[in-house]
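So the chains spell out like this:
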Amino acid sequence: MRTLLPQRTDFTAMRRSPGRDLLAGLTVAIVALPLALAFGVASGMGAEAGLATAVIAGILAAVFGGSNLQVSGPTGAMTVVLLPVVHQFGGAGVLQVGVMAGIILLVLAFSGLGRYVRYLPASLVEGFTAGIAVVIALQQVPNMLGVTPGDQEQVWAVAGDAVVRWLQAPDFVAPLVAVGVAAVILLGARWKPSLPLSLVAIAIVTVIAAFGHAGLPAIGALPAALAAPSAGFFDANQLANLFTSALAISALAALESLLCATVADGMSVGERHNPDRELFGQGIANLVVPFFGGVPATAAIARTAVNVRSGARSRLAAISHSVVLLVVVLAFAPLVGFIPLAALGGVLLATTIQMVKLGAIRAIVRATRGDAAVLFVTFGVTVAIDLVTAVVIGLAVAALLALRSVSRSSRVERVPLDTGDHSAEEQKLIREHIVAYRFDGPLFFGAANRFLLELTEVSDVSVVILRMSRVTTLDATGGLMLDDVITRLEAKGIAVLVSGVTDAHRSVLRRLGVAPHLRERGRVFADTPEAIAYARTLLPAAAAAP
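Residues numbered from 1 in each chain as written. Predicted model: local features only at pLDDT ≥ 70, side-chain atom pairs only at ≥ 80, totals over all residues. Heavy atoms only, no water.

Summed over the entire model, instances satisfying the criterion amount to 6 salt bridges. Ionic pairing is found between Asp 10 and Arg 315, a salt bridge with its closest N-O pair at 3.5 Å. Here Asp 10 is found in helix 1 (residues 8–14), whereas its partner Arg 315 is found in the loop between helix 12 (301–309) and helix 13 (316–331), with 305 residues between them in sequence. We note that Asp 10, like Arg 315, is buried. One salt bridge in this structure joins Arg 272 and Asp 484, with 4.0 Å as the shortest N-O distance. One end of the pair, Arg 272, is in the loop between helix 10 (239–267) and helix 11 (275–288); the other, Asp 484, is in helix 21 (residues 476–491), and 212 residues separate them in sequence. Taken together, the shared-partner salt bridges in this structure form one network comprising Asp 10, Arg 277 and Arg 315. (Salt bridge = Lys/Arg side-chain N within 4 Å of Asp/Glu carboxyl O. Helix = DSSP H or I, 4+ residues; strand = E, 2+ residues; numbered from the N terminus. Buried < 20%, exposed > 50% of the residue type's maximum accessible area, 1.4 Å probe, protein only.)

Here it is in structure tokens:
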């Protein structure tokens, strides 16, 4: 239980850069406000429910969750699951299913299942991230064109319908506003990332729209207050009827939150979330939100990406985002109502462009055909269907390709038995603070994480030799993990040498850009004896290193 509760380090991190966190929270709140309203309405529970979810779940998930950068609230994917519940059981059914989903998430947190998301291959995560970026961009097409969104279920259908209706009576003001705001944010990120140019751009466009172009669609009037706390909605007789929906909502919340946290880690430097704590935080949020009239919540990738790109450093940003939303609802609702939807569409358009890492995608596509297949399948299903289906199908494809690769590389060899735990040569190397690791079998997404955790724990060592001659399978995840291990070991002052890399694996490592400095410095060897001889020449230098 202690490992799932907030830690002292969480609050220490909140004191490091409070100015940047507060500014990031303000930026995210500006983007989150119309999304909270829209998703509340789309769920069938009303705008007040969306605002209550953004405020209450945003604070609780930030305090109790496992990511320093995550921003939670109502999401578009969740509304698809909630609509049938509203139609069949009404608003009370939505509140009850939210409590049930929160309890299931807490059970998942205590069971430790969240950590298994780490085993998702890099190709699946990159495909999912790129797909979500496209989905977010498609969701904003109606706003960027200044037309009312249709009622189609799929985002690509909504975007296509908006384009058709805009072509029938084109008005270039909204598209120019959206593109202008996105351009200011993207150019500002290159020129002066510390300046809040997104806020400046939104403020300028709002003033121009309010006084110069009254026909530009805006957020509109906001509720004067949050929904009053709800009570008496729990009906024990409906537990069995709502259990399937609760399972679907908890699965969606868990997957979207953990993948969002993984994406946030990849967009930042030095961040690593705690998956079990993240499930615990989402469980607490979903357990409490229904008592304030809110809908089930999960981490929101669009808002989290805006948070990271706005310079957030700790949970203070997500907490301040919720506080700003509360203040806006209570005090500044009339002013916020003038913000053009096209400007907010431009903010999210810039965010989606910044989310996609073309270099990583290009490297994964070039690494192996299997990695490319997983990336494209996950991307396509995310855009065409939904993210839960995309993760399931992408993981199934990755597993099948991995099993096929392992089955092709399986072989039986006769290996002499060791007389003890280590041979005499190995004992001598250990006394000299040299350790040689030999990898037998596949180094792919299923085994790479364990390899990373174990190997980076070595200590009291001057030189590590990575023996690769018996690696049978190497994919993009294994290659990237290998690069991470080399970086971490060298950061400890440990020299890293590599031996026995085959031509096929050398090609994969080169395409991924794994540790090119080792080849340039002559630290890649054909066999282990050469590596050992070179390691002994490094001992005086290694011993003098900090």
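Read across the sheet, 4 strands follow the order 3-5-7-8 without closing on themselves; strand pairing throughout is parallel. Of all strands in the sheet, those bounded by a partner on one side alone are strand 3 (434–438) and strand 8 (524–525). Alignment of strand 3 against strand 5 (residues 463–467), held across 5 bridges, turns out to be parallel. Across the sheet, Ala 436 pairs through a bridge with Ile 465, a residue of strand 5. (Pairing = 2+ DSSP bridges.)

Time to look at the nonpolar core. With 100 residues, the main nonpolar core has Phe 128, Ile 132, Val 177, Val 181, Leu 325, Leu 348 and Met 355 as its most contacted residues. Dropping the residues within four chain positions of it, Val 181 is found in contact with Ala 201, Val 205, Ala 343, Gly 346 and Val 347. Ala 367, Leu 482, Ile 494 and Ala 515 belong to the second largest nonpolar core, which has 31 residues in total. (Core = buried A, V, L, I, M, F, W, Y, C linked by side-chain atoms within 4.5 Å. Contact = heavy atoms within 4.5 Å.)

Next up on the list: the packing of aromatic side chains. Counting across every chain of the model gives 4 aromatic pairs. For the ring pair Phe 110 and Phe 280, a centre distance of 6.0 Å and an interplane angle of 85° mean the geometry is edge-to-face. Placement of Phe 110 in helix 4 (residues 76–111) and of Phe 280 in helix 11 is noted, with a sequence separation of 170 residues between them. Relative accessible area serves as the criterion here: at 4%, Phe 280 is assigned to the buried category. Relative to Phe 172, the ring of Trp 166 has its centre 5.3 Å away and its plane inclined at 90°; by these criteria the two rings are edge-to-face. Through successive ring pairs, a cluster of aromatic residues spans Phe 64, Phe 110 and Phe 280. (Phe/Tyr/Trp six-rings, centres within 6.5 Å; stacked < 30°, edge-to-face > 60°.)

The next subject is the confidence of the model for the chain. Averaged over all residues, the pLDDT of the chain equals 82, while 86% of them reach at least 70. Taken as a whole, residues 412–422 scores under 50 in pLDDT and shows 5 contacts with residues more than four places along the chain or in a different chain. (pLDDT = per-residue confidence, 0-100.)

This part covers a nonpolar patch on the surface. Taken together, the side chains of Val 323, Val 327, Phe 332 and Leu 335 present a nonpolar region at the surface, about 360 Å² in accessible area. Inspection of the secondary structure assignment puts Val 327 in helix 13. For Val 327, a relative accessible area of 39% puts it in the partly exposed group. (Patch = residues over 30% accessible without salt bridge, like charges linked within 9 Å, V, L, I, M, F, W, Y side chains within 5 Å. Areas by Shrake-Rupley, 256 points an atom, 1.4 Å probe, with all protein chains shown as cover.)

Another point: the packing of helix 8 (residues 173–191) against helix 15 (residues 341–355). In the contact formed by helix 8 and helix 15, the axes pass within 7 Å of each other and the chain directions differ by 45°. With respect to helix 15, the element helix 8 is oriented oblique. Judged by the twist between their axes, the crossing of helix 8 over helix 15 is right-handed. Contacts between helix 8 and helix 15 involve Ala 174, Val 177, Ala 178, Val 181, Ala 182, Ile 185, Leu 186 and Ala 189 from the former and Ala 342, Ala 343, Gly 346, Val 347, Leu 349, Ala 350, Ile 353 and Gln 354 from the latter. In terms of residue class, the contact of helix 8 with helix 15 is made up of 14 nonpolar, 2 polar and no charged. (Axes fitted to C-alpha atoms, helices over the stretch in contact; angles between N-to-C directions. Parallel < 35°, antiparallel > 145°, perpendicular 65-115°, else oblique. Left-handed = near helix turned anticlockwise from the far one by under 90°. Nonpolar A, V, L, I, M, F, W, Y, C, P; charged D, E, K, R; others polar.)

What follows is about helix 16 (residues 358–367). The complete set of buried residues in helix 16 reads Ile 361, Ala 363, Ile 364 and Ala 367. When helix 16 is viewed along its axis, its buried side chains cluster within an angular range of 165° and face the same direction. The exposed set on the far side of helix 16, more than 90 degrees from its buried face, consists of Leu 358 and Arg 366. Each element contacted by the buried residues of helix 16 is listed here: helix 5 (122–139), helix 17 (369–384), helix 21 and helix 22 (503–512). (Arc of directions from axis to C-beta.)

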